[in-house]
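The chain contents come next:
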Amino acid sequence: MIMKRNIKIFGAVVMAVSAAMYGCSKVENGFLSNQIRYVDNPIKIKRGQIQSTNPVSNDGSSAPVVYKLLDIRDAEKHTHADSVFKNYERYEWIGKFDPEKDTTVALLNTKRQKVNTPCFEFNEHTGAFTFYGTSIKVPLGTYEFDIQASNQNGSKEYKNIATFTLIDEPPYHVGDGGAAWFKDGTTTSGDLGVPTVTIRKISDEGTNIILKIADQNGRYFNPAKGEIIRRGDRSDFQTYAQFHPLERTDTSMVCNFETTPFPLLQSAYGYLIYYRIPSQFVTVDPGYAPTNEKIYNVNPRFQFQIFQEGTYEVVVKIKHVNRII
């Protein structure tokens, strides 16, 4: 009886497997899905910053699939987005750039060339967009677009497949920092807190940073007269402004950073910028140094990154210190 029962069970399993095998039809050769889509729709694009979107999801369509951008429209007016397709001048990489070796403008220019193109590129193999810094010239808003997908099965159009919205976000980042006083000729020191770093974009034109270091009352130290000096082998502004020497004025240090992001390369100290203000140019508030003698130099450290071309004013305000006028 047990043997007969096992035979019946075995036969049932075989029949079930056979039915499953013959009941499942083979996937169509050259399948092209109707459900091709952008998973991250709606897409947000930071205007003026280099950004790539995620590839399109082909929903199991047979490779290779080739994508074609058919149109981009203003999502409110449903009219062709002329400003998105308008040509703008920008640099395009034509060679592999090595920020550790290509440290002059002449070397940099062997790896890039000026082109006049729309603010984006569309990848026919992935369906992804890459937006460039020239998107800063395109009006804010939401845009809808259509694509076509093709493989050995044929072609299909996908109307209003997704939208992207151009948004404005700060084109910079301020990292951690700090400041300390040191008694001249000793290792005796004390904490002065984290300096306040304020960044203001003055213009969309150029690639310039105007760096100013101020006391707690906003009085700028004078780089041209040696009121701001390097700290030995620590990284400073010139470490990252690798293409041009700094211009020192009575209130600022100015660099042309040439290409984004700035800095291009981290130093041994990350992106930190270190400086020293000699004791003859600064006093420390009572309660923060042991005495009010003019024997304490001040050492700020700070860091920031710029992601978009333009001209920026960066003001670093050191707490609890006063510039000697």
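Residues numbered from 1 in each chain as written. Predicted model: local features only at pLDDT ≥ 70, side-chain atom pairs only at ≥ 80, totals over all residues. Heavy atoms only, no water.

Taking an unreviewed UniProt entry as the reference, the protein is identified by name as DUF5007 domain-containing protein belonging to Chitinophaga ginsengisegetis.

**Student:** Is there a simple way to think about the side chain of R73 in this case?
**Tutor:** Following the sequence through the fold, R73 ends up in strand β3 (residues 66-74). Judged by relative accessible area, R73 falls into the buried class, the value being 7%. When neighbours within four sequence positions are excluded, R73 is seen to be in contact with H78, T79, H80, A81, T142, Y143, E144, D146, K159 and N160. (Helix = DSSP H or I, 4+ residues; strand = E, 2+ residues; numbered from the N terminus. Buried < 20%, exposed > 50% of the residue type's maximum accessible area, 1.4 Å probe, protein only. Contact = heavy atoms within 4.5 Å.)

**Student:** Would you take a moment to explain the packing of aromatic side chains for this structure?
**Tutor:** Applying the stated rule across the entire model yields 18 aromatic pairs. Each ring, one from F129 and one from F145, has its centre 5.0 Å from the other, and the planes form 75 degrees; the classification is edge-to-face. Within this pair, whereas F129 is found in strand β7 (residues 129-131), its partner F145 is found in strand β8 (residues 141-151), the two being separated by 16 residues in sequence. As far as burial versus exposure is concerned, F129 and F145 are alike and both buried. Among the aromatic residues, ring-to-ring pairing joins Y38, F85, F120, F122, F129, F131, Y143, F145 and F164 into one connected group. (Phe/Tyr/Trp six-rings, centres within 6.5 Å; stacked < 30°, edge-to-face > 60°.)

**Student:** Please clarify how the pattern of salt bridges should be interpreted in this entry.
**Tutor:** Note that side chains of opposite charge can pair when their charged atoms are close. For the coordinates displayed, the defined rule picks out 17 salt bridges. Linking E313 and R200 is a salt bridge whose minimum nitrogen-to-oxygen distance equals 3.4 Å. Pair noted here: E313 is in strand β21 (residues 310-317) and R200 is in strand β13 (residues 196-203), with a separation of 113 residues, a long-range link. Ionic contacts of the salt-bridge type, sharing partners, join the residues D71, R73, E144, D146 and K159 into one network. (Salt bridge = Lys/Arg side-chain N within 4 Å of Asp/Glu carboxyl O.)

**Student:** How should I be thinking about the layout of surface pockets in this particular structure?
**Tutor:** If you roll a probe as big as a water molecule over the atoms, it shows you where there is empty space left. The calculated volume of the largest pocket comes to roughly 680 Å³. If you go around the largest pocket, you meet 26 residues; those closest to its centre are E89, R90, Y91, T134 and E309. Those elements that provide at least two residues to the lining of the largest pocket are β4 (88-93) and β5 (112-117). Looking at the lining of the largest pocket element by element, the count peaks at five residues for β4. When its residues are assigned to classes, the lining of the largest pocket shows six nonpolar, nine polar and 11 charged. Domain assignment of the residues forming the lining of the largest pocket places at least three in each of domain 1 (37-167) and domain 2 (172-323). (1 Å grid on protein atoms, 1.4 Å probe; cavity = no way out; pocket = protein on both sides within 12 Å on 5 of 7 lines; lining within 4 Å. Points joined across faces, edges and corners; volume = space filled by probe spheres on them. Nonpolar A, V, L, I, M, F, W, Y, C, P; charged D, E, K, R; others polar. Domains from an automatic or database assignment.)

**Student:** Can you walk me through the side chain of E258 in this structure?
**Tutor:** Relative to the elements of secondary structure, E258 occurs in the loop between β16 (253-256) and β17 (273-274). A relative accessible area of 12% means that E258 is categorised as buried. Only 2.8 Å separates the side chain of E258 from the side chain of R112, close enough to count as a polar contact. Those residues in contact with E258, other than ones at most four positions away along the chain, are V105, L108, R112, T207, F243 and H244. (Polar contact = N/O pair within 3.5 Å; in protein donor to acceptor, adjacent residues only side chain to side chain.)

**Student:** Even after reading the chapter, I still don't get the sheet that holds β21, so can you show me in this structure?
**Tutor:** One open sheet accounts for five strands, arranged β13-β21-β14-β16-β15; its pairing is mixed. Two strands bound the open sheet, and with one partner strand each, they are β13 and β15 (247-248). Across seven bridges, β13 lies against β21 in antiparallel orientation. Across the sheet, K201 pairs through a bridge with Y312, a residue of β21. (Pairing = 2+ DSSP bridges.)

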